[in-house]
Amino acid sequence: FITRLLLSNDAVSKNLREGATVYIVPNMNPDGSAMGHLRTNKGGANLNREWQSGVYEGYDAPTLERSPEVFCVLEKMKKTGVDLFIDVHGDEQIPDNFFAGSQGIPKWSKRQEDLYIL
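A short tour of the structure in this document, coming up. Owing to the predicted nature of the structure, the values given are computational and were not obtained by experimental measurement.

For the rest of this paragraph, the subject is the overall build of the protein chain. When helices and strands are counted, the protein chain shows 5 helices and 2 strands. Counted from the first residue to the last, the protein chain has its helices and strands arranged as α-α-α-α-β-β-α. Principal-axis analysis of the C-alpha atoms gives the protein chain an extent of 45 × 35 × 25 Å. Taken across its 118 residues, the protein chain has 19% of its residues classed as buried. Restricting to contacts in the protein chain with at least 6 residues of sequence separation, those with at least 24 account for 24%. Element-wise, carbon and sulfur atoms account for 56% of the exposed surface of the protein chain, whose accessible area totals about 8700 Å². The centroid of the 13 positive side-chain charges in the protein chain is displaced by 6 Å from the centroid of its 16 negative side-chain charges.

In structure tokens:
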């Protein structure tokens, strides 16, 4: 998918490149992955729980100290604005990858919900 998006000359890929700004984060957990951790970063934070404050009672997330990787990506998302993201996700219990939805976008709106209709 990424190779086609970046390098293909087909009309869909060309239109997307011409009409959108695309950011790619190839690995949200590079230090944890290098240590063999699937969900936690080097500091022990479960990155699946770091994306939104208020979701888990008494747990404010993310923080620059606990999960700098999530903190920095969310700050960039807030700064640039986001209409869609694709979270290609893995799980140790599932032998395949799967997509998580875009509803975690900061400041999710009705406009984005309308764009997301498949």
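In this structure, S8 sits in the loop between α1 (2-7) and α2 (11-19). A distance of 2.4 Å separates a polar atom in the side chain of S8 from a polar atom in the side chain of D10. If we skip the residues at most four places from it in the chain, S8 touches T3, S13, K14 and R17.

Let's shift gears to the pattern of salt bridges. Across all of its chains, the model carries 4 salt bridges by this definition. Here R66 makes a salt bridge to E50, at a shortest N to O gap of 3.0 Å. Pair noted here: R66 is in the loop between α3 (30-34) and α4 (68-80) and E50 is in the loop between α3 and α4, with a separation of 16 residues, a long-range link. According to the relative accessible area criterion, R66 is partly exposed, its value standing at 27%. Close ionic contact of K110 with D114 constitutes a salt bridge, the shortest N to O distance being 2.7 Å. Note that K110 and D114 are positioned in helix α5 (residues 110-116) at a spacing of 4 residues, about one turn of the helix. In this structure K110 comes out as exposed when scored by relative accessible area, which is 54%. Under the relative-accessibility criterion, D114 is labelled partly exposed at 39%.

In terms of residue burial, strand β2 (residues 94-100) counts as a barely covered element, since only 0 of its 7 residues are buried. As judged from the 4 bridges shared by strand β1 (residues 87-91) and β2, these two strands associate in the antiparallel manner. Within β2, the position partnered with D91 by the bridge is I94. Remark: 2 residues form the turn of the hairpin made by β1 and β2, two consecutive strands paired antiparallel.

Between its first and last C-alpha atoms α4 spans 18 Å; for 13 residues at 1.5 Å apiece the expected length is 18 Å, and the two agree. Looking only at α4, the buried set comprises E69, V70, V73, L74 and M77. In an axial view of α4, the angular spread of the buried residues amounts to 120°, which keeps them on one side of the axis. Of the surrounding secondary structure, the elements contacted by the buried residues of α4 are α3. Phi turns positive one or two residues past the end of α4, at G81, with a value near 85°.

The rules behind the values
Residues numbered from 1 in each chain as written. Predicted model: local features only at pLDDT ≥ 70, side-chain atom pairs only at ≥ 80, totals over all residues. Heavy atoms only, no water. Helix = DSSP H or I, 4+ residues; strand = E, 2+ residues; numbered from the N terminus. Buried < 20%, exposed > 50% of the residue type's maximum accessible area, 1.4 Å probe, protein only. Contact = heavy atoms within 4.5 Å. Areas by Shrake-Rupley, 256 points an atom, 1.4 Å probe, with all protein chains shown as cover. Lys, Arg positive; Asp, Glu negative; His and termini not counted. Charge placed at Lys NZ, Arg CZ, Asp CG, Glu CD. Polar contact = N/O pair within 3.5 Å; in protein donor to acceptor, adjacent residues only side chain to side chain. Salt bridge = Lys/Arg side-chain N within 4 Å of Asp/Glu carboxyl O. Pairing = 2+ DSSP bridges. Expected span 1.5 Å × (residues − 1). Arc of directions from axis to C-beta.

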